[in-house]
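Chains, contacts and geometry: an overview
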Amino acid sequence: MTEQPVTNHDDFAAAIDRIKRKTTRPIVLVGLMGVGKSTVGRRLASMLSRDFVDADDAIEEAAQRKISEIFEEFGEAYFRDGERRVIARLMEEHSGVIATGGGAFVDDQTRALILDKAIAVWIDCDIDTLVERTSRRNTRPLLRTGDPKEILTRLYNERAPFYSQAQIRVQSMDGPHNDVAHRIIEAIDQCM
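Sequence order sets the numbering: in each chain, residues are counted from 1 along the sequence as written. Selection of residues for local features in this predicted model requires a pLDDT of at least 70, selection of side-chain atom pairs for listing and counting requires 80 or more, and totals for whole chains, interfaces and linings are taken over all residues. Computation of side-chain values: all heavy atoms of the structure, hydrogens and water removed.

Within a sheet, neighbouring strands are paired by backbone hydrogen bonds and run either parallel or antiparallel to one another. Here, a strand pair is defined by DSSP locating no fewer than two bridges between the strands. Strands here are runs of E lasting at least two residues and helices are runs of H or I lasting at least four, both read from the DSSP assignment and numbered beginning at the N terminus. The strand order across the open sheet formed by five strands is 2-3-1-4-5, and the pairing between neighbours is parallel. Two strands close off the open sheet at either side, each with one partner strand: strand 2 (52-54) and strand 5 (168-171). The mean angle between the axes of side-by-side strands here comes to 25 degrees, regardless of whether they run parallel or antiparallel. Taken together, the three bridges between strand 2 and strand 3 (residues 97-99) define a ladder with parallel strand orientation. By the bridge assignment for strand 3, V53 is matched with I98. Between N-to-C directions, angles span 0 to 180 degrees; the directions come from axes that are lines fitted to C-alpha atoms, helices contributing only their stretch in contact.

Ring pairs shown here join Phe, Tyr and Trp side chains whose ring centres sit within 6.5 Å, with only the six-membered ring taken for Trp; geometry is labelled stacked below 30 degrees between planes, edge-to-face above 60, and tilted in between. Counted under the stated rule, the structure contains four aromatic pairs. Look at W122 and Y156: their rings are 6.4 Å apart centre to centre, the planes differ by 40 degrees, and that puts the pair in the tilted class. Note that W122 is positioned in strand 4 (residues 119-124) and Y156 in helix 8 (residues 148-163), a separation of 34 residues in sequence. On the accessibility criterion, W122 (3% relative accessible area) is buried. Here W122 and Y163 contribute two aromatic rings whose centre-to-centre distance is 5.7 Å and whose plane-to-plane angle is 40 degrees, an arrangement assigned as tilted. Here Y163 lies in helix 8 and W122 lies in strand 4, a separation of 41 residues in the sequence. The residues W122 and Y163 share a single accessibility class, namely buried. In this structure an aromatic cluster arises from ring pairing among W122, Y156 and Y163. The buried label applies to any residue whose accessible area, calculated with a 1.4 Å probe on protein chains only, is under 20% of its type's maximum; exposed applies above 50%, and partly exposed to all values in between.

With 15 residues, helix 9 (residues 177-191) should cover 21 Å at 1.5 Å per step; its first-to-last C-alpha distance of 21 Å lies within 8% of that length. Among the 15 residues of helix 9, eleven are classified as buried, and the element is accordingly described as predominantly covered. Every buried residue of helix 9 is accounted for by H177, V180, A181, H182, R183, I184, I185, E186, A187, I188 and D189. Residues of helix 9 that are buried sit in contact with helix 1 (9-22), strand 1 (27-30), helix 2 (37-47), strand 4, helix 7 (127-134) and strand 5. The length a helix should cover is 1.5 Å for every residue beyond the first. Should any heavy atoms of two residues lie within 4.5 Å, those residues are counted as being in contact.

Before going further, it helps to spend a moment on the environment of V30. Mapped onto the secondary structure, V30 falls in strand 1. As a C-alpha pair, V30 and W122 span 92 residues in sequence and 4.9 Å in three-dimensional space. Once you skip the residues sitting within four places of it in the chain, V30 turns out to touch K37, T100, F105, V121, W122, I123, Y163 and A166.

Here we come to the pattern of salt bridges. When a carboxyl oxygen of Asp or Glu lies within 4 Å of a side-chain nitrogen of Lys or Arg, that pair is called a salt bridge. Here the structure, examined in full by the defined rule, presents 13 salt bridges. A salt bridge links E83 to R80; the shortest N-O distance between them is 3.0 Å. Of this pair, E83 and R80 both sit in helix 5 (residues 76-93), three residues apart, which is roughly one turn of that helix. We classify R80 as buried; its relative accessible area is 11%. Put simply, R169 and D124 hold a salt bridge, and the shortest N to O gap is 2.4 Å. One end of the pair, R169, is in strand 5; the other, D124, is in strand 4, with 45 residues separating them in the sequence.

These results come straight from atomic positions and should not be treated as a statement about function.
Here it is in C-alpha cells:
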C-alpha cells in the first residue's frame, strides 16, 4: 500500500498509460459508507479515461425507488440480493470504475464475483472522519437506528475482515479525493 501520491508528473502519466494498456478489468471500489467511493471513483475514472458508475444509483434506477425505501419495505437481505445482480451486470457491461455500497463486498457471492472479475480496491478511513462525512446527508439507512459513531465502529469491525480481501487497500484521509485516486493508480500500477 502506498501512502503518498506520485509526485513526479511523468511517472504518474506513465503509470496511467501502463494501466490503460495492461488491464481491461473493471476497478471496483469497496469500503464503508462515507469513505469517498463515489467521489474518488469519478476522479479515478476521469484520470484513466474510463466510464464511472455508482452501483447504488444503478440499483435505484433498476428498482425505480430509493435504497432507503427498499431497505424499509423489503429488508437488507432482499436489497443485497438485488445489489449482487446489479453489480454482476455492471461488471459485464463496464470495464471502467464501479463504486459499490458499503455492504456489497461483505456478501460472499458478490465478493467472490468482484475478486474474480475485477480489481477490488478497499478505500479505508478512520471512524471520526466517516462520522463527519456521513453526517452531511440523512440518506444512510443503517445510520438511522442509533449513534452513528457506534454504528460505524461496529460496521468497521464486522466488515474489515471482508474488505481486507481486496487486492488493493488505500487510506482516505481528510484531504483531497484526488490524492486517494492518485494512490489507487500508483497501487494498481505496482500490482500489475
